[in-house]
Amino acid sequence: MSTRNQPAAGAAAAPSVGWRRQRRSRHRVPLLLLLPALLGLGFLVLPLAGLVIRAPWSTLPERLTAPGVLDALRLSLVTATVATGLCIVLGVPLAWLLARTDLPGRRLARALITVPLVLPPVVGGVALLLVFGRRGIVGSWLDATFGITLPFTTTAVILAQAFVAMPFLVIAVEGALRGADVRYEEAAATLGAGRWRTFTRVTIPLVAPGIAAGAVLCWARALGEFGATITFAGNFPGRTQTMPLAVYQALETDLEAAIVLSLILLAVSVTILVGLRGRWLGAT
Amino acid sequence: MAGCGGSPDADAEPAAAAGGDGPLTGEVVVFAAASLTESFARIGDEFEAAHPAVSVTFNFAGSAILAQQINQGAPADVFAAANPATMQTVTDAGSGDGEPVRFARNQLVIAVADGNPVGIGSLTDLADPEVKVALCGEQVPCGAAARTALDTAGVEVTPVTLERDVRGTLSKLTLGEVDAALVYRTDAASAAGVAAVDFPESERAVNDYPIVVLAGAGNPPAAAAFVDFVLSESGQAALAQAGFQTP
């Protein structure tokens with residue numbers, strides 16, 4: 001009991017020395033921070049390395065062209081991109097509403113928007129079914145009026161992806177709007193620009209990096225969507241079977257195929273993120 | 001083998017202590033096909049009543065994913081699959097301890113909403129493009145059986161979804177999103193608001209359910225006792241009550 005504090009005190013001495021030296025050499029990092037940091041890095045990178053190491057490289061070309069793989073990849077890329085477009089069209093105005101107006105209920109709206117962020121996606125899928133399903137509030141009306149049923153269609157995949165991914169975009173854009181200098185907008189207004197003109201000519205260019213960042217996050221989230229998709233859109237090759245669904249199905253029968261599919265998703269995600277990071281996000 | 005020769009550390013396994021002919025203790029982890037959900041839950045309760053010191057834990061999912069999990073080293077004591085082919089992927093990988101035993105049979109039906117609103121009478125009716133059909137993916141036993149039945153009937157069906165296990169297929173029907181689903185008789189019987197339409201081709205697609213104690217079992221005596229219990233009169237009665245044919 002009485003010796004309980006000793007190791008902590010001894011350990012605390014080390015970083016204080018390191019901290020003093022850090023002023024001279026910025027490379028000196030306290031061990032107590034370096035160790036968990038490296039463990040954290042390893043924990044995040046090792047599973048990805050595992051995918052690369054276990055990949056059946058010798059049979060990779062045949063597996064990449066195996067029936068269904070390209071279908072799933074194309075479907076994933078198309079749906080994630082369309083979903084992101086939908087999120088931009090609806091999400092940017094929503095973010096503007098939250099950041100630039102003082103409509104009543106704004107706080108509640110912001111809280112509600114973040115719900116899909118933390119909601120298990122499969123719950124989102126059930127919720128979508130209850131609204132847009134054949135017996136859903138909106139779905140039954142669509143069915144009766146236009147003869148449209150959404151579940152099990154590619155549209156359903158896009159809706160599921162947009163549902164889980166839009167909050168990422170809204171939050172990113174709202175943050176950018178709050179960080180942007182309103183004086184530019186005020187100046188535009190003083191010079192006679194209407195609200196719409198100010199929005200398109202001043203606000204949008206001002207927060208374009210924020211929109212790009214949000215769109216990338218949104219796209220990546222949409223690309224990885226699984227739970228809401230399989231619940232709301234089902235699983236049918238070529239129509240609703242996106243890459244994550246194909247990975248899961250392959251896992252049940254053919255581990256190597258699952259690894260190859262995962263590898264493709266990893267490569268696509270990394271390529272897009274790296275490419276966009278350099279171009280628009282202004283990161284070094 | 002490697003798992004058993006662990007270091008002599010402090011955490012003694014209560015399961016290992018049970019060995020010999022003393023009363024069974026510890027936990028039995030049973031990986032079972034999704035179609036066994038209700039019947040095995042009941043068998044588990046009865047087994048726990050007969051062996052108060054043992055607790056049974058179930059993992060219900062599609063047989064194929066369970067087989068993969070077992071072959072990847074999931075800590076399971078017993079595996080009950082919905083067809084011999086899936087069981088074979090486990091025994092071929094050396095994950096089984098001894099020969100699997102057949103404990104039940106199951107047959108496909110066309111599950112429809114109560115009152116059969118779309119008027120489904122045979123497999124041929126499923127080929128109508130107006131009828132939305134859910135099937136199991138062919139990697140799981142119910143999907144393999146459905147493929148056999150449809151091939152036997154010479155019927156070409158384009159399902160709207162291929163689900164990962166029979167319960168997923170059934171849920172698309174109970175949610176009202178499809179008009180018909182090919183599921184086991186037992187699954188159709190387990191759900192409220194669902195009626196079963198028999199079809200002759202299902203005779204050609206009967207699934208035998210095998211069960212086996214796993215080589216990596218942490219609690220072999222209790223695992224063996226559970227398998228015996230499934231094969232016992234009370235276990236078979238519970239299965240028959242759920243609509244299984246018992247051997």
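Because the structure is predicted, anything quoted here is derived from the model rather than measured.

Looking now at the overall build of chain B. A count of helices and strands for chain B gives nine helices and 10 strands. Dimensions along the principal axes, computed over C-alpha positions, put chain B at roughly 65 × 35 × 30 Å. Out of the 247 residues in chain B, the part that is buried amounts to 50%. A sequence separation of at least 24 residues applies to 77% of the contacts in chain B between residues at least 6 apart. On chain B, roughly 10,300 Å² of surface is accessible, and the fraction owed to carbon and sulfur atoms is 51%. Averaged over its 10 positive side-chain charges, chain B has a centre that lies 8 Å from the centre of its 31 negative ones.

Residue and element names in this part refer to chain B. Look at the UniProt record and you will see "binding site: molybdate" (unreviewed entry) annotated at Ser35, Ser63, Val166 and Tyr184. For the annotated residues, spread through 150 residues, the largest C-alpha to C-alpha distance comes to 13.9 Å, consistent with a single compact locus. Here Ser63 lies in helix 3 (residues 63-71). Each residue touching Ser63, except ones within four places of it in the same chain, is listed here: Ala33, Phe79, Ala81, Ala82, Thr86, Val140 and Pro141. Relative to the assigned elements, Val166 resides in helix 6 (residues 166-174). When its relative accessible area of 3% is taken as the criterion, Val166 is described as buried. Leave out the neighbours within four places in its chain, and Val166 touches Ala34, Ser35, Cys136, Cys142, Val183, Tyr184 and Asp187.

Residues and elements named next belong to chain A. Throughout the structure, instances matching the rule amount to 14 aromatic pairs over all chains. Between Phe226 and Tyr248, the aromatic rings sit 5.4 Å apart at their centres with planes inclined by 45°, giving tilted as the arrangement. Of this pair, Phe226 sits in the loop between helix 10 (195-223) and helix 11 (227-232) while Tyr248 sits in helix 12 (residues 243-253), and the two are 22 residues apart along the sequence. Phe226 gets classed as partly exposed once you look at its relative accessible area, which sits at 23%.

Here the focus is the state of the cysteines. With the rule as written, the count across this model stands at one disulfide over all chains. Paired by a disulfide, Cys136 of chain B and Cys142 of chain B hold their sulfur atoms 1.9 Å apart. Between Cys136 of chain B and Cys142 of chain B the disulfide shows an S-S torsion of about -110°. By sign, it is left-handed. For Cys142 of chain B, a relative accessible area of 3% corresponds to the buried category. No disulfide involves Cys87 of chain A; its sulfur sits 3.6 Å from the nearest other cysteine sulfur, which is in Cys218 of chain A. For Cys218 of chain A, a relative accessible area of 0% gives the class buried.

All right, on to helix 8 (residues 154-179) of chain A then. In a regular helix each residue adds 1.5 Å, so 26 residues correspond to 38 Å; helix 8 of chain A covers 37 Å between its end C-alpha atoms and thus fits that length. The principal kink in helix 8 of chain A, of about 40°, is found at Ala165 of chain A, preceding the proline Pro167 of chain A by one to four residues.

Moving on, we come to the nonpolar core. In summary, soluble globular proteins display a tendency toward joint burial of nonpolar side chains. Ranked by internal contacts, the top residues of the largest apolar core, which has 72 residues, are Leu36, Phe40, Phe103, Ile110 and Phe226 of chain B. If we ignore the near neighbours within four places in the chain, the residues touching Ile110 of chain B are Ile120, Ser122, Leu123, Leu126, Ala180, Ala181, Leu182, Ala195, Ala196, Val197 and Phe199 of chain B. Counting residues in each nonpolar core, the second largest holds 40 residues, with Ala83, Cys87, Leu98 and Val247 of chain A among its members.

Two orientations exist for strands paired in a sheet by backbone hydrogen bonds: parallel and antiparallel. Residue and element names in this part refer to chain B. Taken in spatial order, the five strands make up an open sheet running 7-6-8-5-9, and their pairing is mixed. Sheet topology places strand 7 (161-163) and strand 9 (194-197) at the edges, where each strand pairs with a single neighbour. Sheet twist, expressed as the mean angle between neighbouring strand axes with direction ignored, is 35°. In this structure, strand 5 (residues 108-113) lies alongside strand 9, joined through four bridges in antiparallel fashion.

The next point concerns the interface of chain A and chain B. With 22 residues of chain A at the contact, the number on the chain B side is 21 residues. Approximately 2,100 Å² of surface area, both sides summed, lies buried where chain A meets chain B, with 52% of it carried by carbon and sulfur atoms. For the chain A face of the interface with chain B, the top three residues by lost area are Arg134, Phe152 and Glu252 of chain A, together amounting to 35%. At the boundary of chain A with chain B, the tally comes to one salt bridge. A salt bridge links Asp179 of chain B to Arg134 of chain A; the shortest N-O distance between them is 2.8 Å. Taken together, chain A and chain B are joined by nine residue pairs in polar contact (both at pLDDT 80 or more). The set of elements that each furnish at least two residues to the side of chain A that touches chain B consists of helix 11 and helix 12 of chain A. Top element by residues in the side of chain A that touches chain B is helix 12 of chain A. It accounts for five residues. When the residues that make up the side of chain A that touches chain B are grouped by side-chain class, the tally is 10 nonpolar, seven polar and five charged.

Quick notes on the rules
- Residues numbered from 1 in each chain as written.
- Chains lettered and ligands numbered in written order.
- Predicted model: local features only at pLDDT ≥ 70, side-chain atom pairs only at ≥ 80, totals over all residues.
- Heavy atoms only, no water.
- Helix = DSSP H or I, 4+ residues; strand = E, 2+ residues; numbered from the N terminus.
- Buried < 20%, exposed > 50% of the residue type's maximum accessible area, 1.4 Å probe, protein only.
- Contact = heavy atoms within 4.5 Å.
- Areas by Shrake-Rupley, 256 points an atom, 1.4 Å probe, with all protein chains shown as cover.
- Lys, Arg positive; Asp, Glu negative; His and termini not counted.
- Charge placed at Lys NZ, Arg CZ, Asp CG, Glu CD.
- UniProt positions renumbered as here; feature names shortened; annotations may be inferred.
- Phe/Tyr/Trp six-rings, centres within 6.5 Å; stacked < 30°, edge-to-face > 60°.
- Disulfide = S-S within 2.5 Å.
- Expected span 1.5 Å × (residues − 1).
- Bend = angle between axes of the 7 residues up to and from the residue.
- Core = buried A, V, L, I, M, F, W, Y, C linked by side-chain atoms within 4.5 Å.
- Pairing = 2+ DSSP bridges.
- Axes fitted to C-alpha atoms, helices over the stretch in contact; angles between N-to-C directions.
- Buried area = accessible area lost by both parts, 1.4 Å probe.
- Salt bridge = Lys/Arg side-chain N within 4 Å of Asp/Glu carboxyl O.
- Polar contact = N/O pair within 3.5 Å; in protein donor to acceptor, adjacent residues only side chain to side chain.
- Nonpolar A, V, L, I, M, F, W, Y, C, P; charged D, E, K, R; others polar.

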